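Commentary on secondary and tertiary structure
Now for the letters of each chain:
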Amino acid sequence: ERAGLPPERCIIDGLGYANDVKQIAAAGWPGVLGYHFYPMWLNCPNRTQEGFSNKMQADLDGLSIKVMITEFGGCLHQGDVYEMYHESGDD
């Protein structure tokens, strides 16, 4: 507000590694929230499609309509395996 920027044109990152958007929303920010997500936030063997989905849904519960994913990390040491589903959840 003090900067004269309209809230509808601003994206405020969550706290920490931009993953805690709930605290920003609870503080009263009316605009869009930026959310980062990294595979390292889940330990093996929980790095599954279900595990990532559950984490993201918990992090964004009640806020998903006003959140933009502004960064999504991926393991770069696994080669071109992003189109394959790895059920084990191991690295």
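Placed above this text is the structure.
Residues numbered from 1 in each chain as written. Predicted model: local features only at pLDDT ≥ 70, side-chain atom pairs only at ≥ 80, totals over all residues. Heavy atoms only, no water.

**Let's talk about the side chain of Arg 47**
Within the element layout of this structure, Arg 47 appears in the loop between strand 2 (32-37) and helix 2 (49-60). Polar side-chain contacts of Arg 47 include one of 3.3 Å to the backbone oxygen of Pro 39. (Helix = DSSP H or I, 4+ residues; strand = E, 2+ residues; numbered from the N terminus. Polar contact = N/O pair within 3.5 Å; in protein donor to acceptor, adjacent residues only side chain to side chain.)

**Notes on the nonpolar core**
If you look at the biggest cluster of nonpolar residues, it comprises 8 residues: Val 21, Ile 24, Leu 33, Tyr 35, Phe 37, Leu 60, Leu 63 and Val 67. Residue assignment for this core shows that the elements contributing at least two residues are helix 1 (21-26) and strand 2. Broken down by element, the residue count for this core peaks at 3 residues, all from strand 2. Residues in contact with Leu 60, not counting those within four places in the same chain, are Val 21, Tyr 35 and Val 67. (Core = buried A, V, L, I, M, F, W, Y, C linked by side-chain atoms within 4.5 Å. Buried < 20%, exposed > 50% of the residue type's maximum accessible area, 1.4 Å probe, protein only. Contact = heavy atoms within 4.5 Å.)

**Some words on helix 2**
Helical periodicity: at 3.6 residues per turn, an α-helix aligns residues three or four positions apart in one direction. With 12 residues, helix 2 extends 17 Å from end C-alpha to end C-alpha; this agrees with the ideal 16 Å at 1.5 Å per step. Buried within helix 2 are the following residues: Gly 51, Lys 55, Asp 59 and Leu 60. End-on, the buried residues of helix 2 take up no more than an arc of 145°, which puts them together on one face. Exposed side of helix 2, more than 90 degrees from the buried face: Gln 49, Glu 50 and Gln 57 are the residues found there. Check the buried side of helix 2 and you find it contacts helix 1, strand 2 and strand 3 (67-72). Count one or two residues on from helix 2 and you reach Gly 62, which has phi positive near 80°. (Expected span 1.5 Å × (residues − 1). Arc of directions from axis to C-beta.)

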